[in-house]
Structures are given as C-alpha cells and as structure tokens.
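# Understanding the architecture of this molecule
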Amino acid sequence: MTKAVGCLLALLVTVPVLAGYSVADLERIAAKDVVPEIRMAAGYALVSYYEATKTEAELLVLIEKGESEAIRMAAGLALSKLWIGAGKTKVFLMNEITENGSALVRGAAVPALLDFLIANNATSLEFLYTKGASEELQYAAAKAYFQKQRANFDRAKLEAICKDDTASAGYRKAAAEFLAGHYLFPPTTALSRAELEKQALEGENEYLRYAAAYALVNLLVSDSATDLHKKVASFFLDPKLSAEYKWAYAWTLGAKWAAGL
C-alpha cells in the first residue's frame, strides 16, 4: 500500500485499551451480535489483542474453529501481523500463500511475503500478478509491483485497471488500494467525503467501490465511536448498501474500539 493511505493500517497496531468493552465482551459481540457489520467491527477490535496474546498455533486453530466469521477473520489478521518480521522463509510463505486450504491463512502470508517480492524485477512481478497460483499471490505481487512502479500510475491508469475485466482479481484489488491514495492526495484534487461515500455505494464495480471505501476510512476516523456504532447498527438488512461501504464503517468502528476512543 502506498504511504499516502498506509496511515489507516496503523490504527490497529497498538494493543487495545477497549473503552467500555472487555475482551470477553468483544468476543461475544463478534460471535453473537445480530448485525453482521457489528460482529466484524468487534473482530477488527480484537486483532491486536490476539496478536499480542496468542501463539501462531493458537491463531491457526482459531482460524479453523473460531465461533464466527468475525472471530476467524480477527485470527487471520493477527496471524498476518505475527508473521511480519518473524523470520519466516520465502519458501514457507510461498507454500502458505499458494497451497494452504484456508483463504485466511493465504491472506496472512501477504505482508510478510512482500519483503521478499519487493526484490523481484518488474517482469517477474508482472508474471506473478497475472499467472500466480492463487489470488493472494497475485495480490501480493501486484502490491510489490505498484510500490516499485508508483510513478508510472496516475489516477486514470489505476481506474482503468479497476475496470479491466481481463485483469486478475489480485491485480485489480492492489490497484484499488493504490488508487485510494489518489482519491485523498493532493488536496487540490482530493475527493470529498460525500464523493467517496457516493462512489463506495454506487461505484461501477467492486474495485472502484473498494478504492473509495479504502480512502473513506481516513475521513471516518474523525467520527466518534458512538456515532459510528449507530451508523453501523443501522445497516441491518439494508440491501441498498454495498459491501464496500459497510466495510469502511465497520473497519473504522473496530479501529475506534481497539484504540479505546
């Protein structure tokens, strides 16, 4: 992810001081709440706690047997954080990202593998993001590619990739995340919150909606946890809302809960 939007990823780094909620409360919410996005927000709030308190083996068990999708997702994201700087070999990470039967474990290998892929040349990365053995490997290679080639891609080119049905899903997802930075900077051409919300709701396809949602998170952090909770609770069974729009709000609420705000 580009430096411009990388700031949003830092929101879940600190071991959480969970304002008003214990870990048990959040695990109950993540498992039982009637609103799917509230469950996912609680899951996001648990990520850093799981990273700090659980072993790799415990996280792998939780990924497989966690009580809900939100709990399993939290374990997968925690595993991803745990593997960064853990000394995992490229062979190990390549095996996990291509051969593991769990999409959560494959996804967990992406950030740590980037440390290896960034050394590849553009031709090698182009092959991997096009022909890689899994969507997660294609995504990891595309992230490395865009980091190395960022000067060659403006907003128009990235939007074209997002619209290209012949491109791999991993490549388009990475392009969407890089595009989010162009939606935020420079200020003279940045999209407003209203514009980002509109695109996150009504964008032409999931990748353009995701780009807007990814950028929107940076603006939603100014909202209070109380307001975000009310907003996310209002999503229940509303078919008019896109998955990407709901994700942005759920992610931000989880970050707020994690930070104790």
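These remarks concern the structure in this document. All of these numbers come straight from a predicted model, not from anything done at the bench.

To continue, consider helix α5 (residues 69–83). Taking 1.5 Å as the rise per residue, α5 with 15 residues should run 21 Å; its terminal C-alpha atoms sit 21 Å apart, in good agreement. Within α5, 11 of the 15 residues are buried, leaving the element largely enclosed by the surrounding structure. Along α5, the residues classified as buried are Ala70, Ile71, Met73, Ala74, Ala75, Gly76, Ala78, Leu79, Ser80, Lys81 and Trp83. Buried residues along α5 sit against α2 (23–32), α3 (36–53), α4 (56–65), α6 (90–99) and α7 (103–117). Backbone geometry just downstream of α5 places Gly85 in the positive-phi region, at approximately 75°.

Below, the discussion takes up the pattern of salt bridges. This model, assessed by the stated rule, comprises 14 salt bridges. Taking the shortest distance from any N to any O, the salt bridge between Lys163 and Glu204 comes out at 4.0 Å. With Lys163 in helix α10 (residues 155–163) and Glu204 in the loop between α12 (193–202) and α13 (206–220), the pair connects residues that are 41 residues apart, well separated along the chain. Residue Glu204 is classed as exposed on the basis of its relative accessible area of 58%.

Let's shift gears to the side chain of Asp238. Along the polypeptide, Asp238 turns up in the loop between α14 (225–233) and α15 (243–259). The exposure class assigned to Asp238 is buried, which follows from its relative accessible area of 17%. Of the polar contacts made by the side chain of Asp238, one reaches the backbone nitrogen of Lys240; its length is 3.0 Å.

How two aromatic rings sit relative to each other is given by the distance of their centres and the angle of their planes. For the structure shown, the criterion picks out 17 aromatic pairs. Residues Phe146 and Phe153 carry aromatic rings whose centres are separated by 5.0 Å and whose planes lie at 80° to one another, so their mutual orientation is edge-to-face. Relative accessible area serves as the criterion here: at 3%, Phe146 is assigned to the buried category. Note on Phe235 and Tyr245: the rings are 5.8 Å apart at their centroids and 50° apart in plane angle, and the pair reads as tilted.

Before going further, it helps to spend a moment on the packing of α6 against α7. Put simply, α6 and α7 touch, their axes get as near as 8 Å, and they point 145° apart. As α6 runs across α7, the sense of the crossing is left-handed. Between α6, through Lys90, Leu93, Met94, Glu96 and Ile97, and α7, the contact on the second element is made entirely by Val105, Arg106, Ala109, Val110, Ala112, Leu113 and Phe116.

Procedures and definitions
Residues numbered from 1 in each chain as written. Predicted model: local features only at pLDDT ≥ 70, side-chain atom pairs only at ≥ 80, totals over all residues. Heavy atoms only, no water. Helix = DSSP H or I, 4+ residues; strand = E, 2+ residues; numbered from the N terminus. Expected span 1.5 Å × (residues − 1). Buried < 20%, exposed > 50% of the residue type's maximum accessible area, 1.4 Å probe, protein only. Contact = heavy atoms within 4.5 Å. Salt bridge = Lys/Arg side-chain N within 4 Å of Asp/Glu carboxyl O. Polar contact = N/O pair within 3.5 Å; in protein donor to acceptor, adjacent residues only side chain to side chain. Phe/Tyr/Trp six-rings, centres within 6.5 Å; stacked < 30°, edge-to-face > 60°. Axes fitted to C-alpha atoms, helices over the stretch in contact; angles between N-to-C directions. Left-handed = near helix turned anticlockwise from the far one by under 90°.

Bear in mind that shape data such as this cannot, by itself, settle questions of function.
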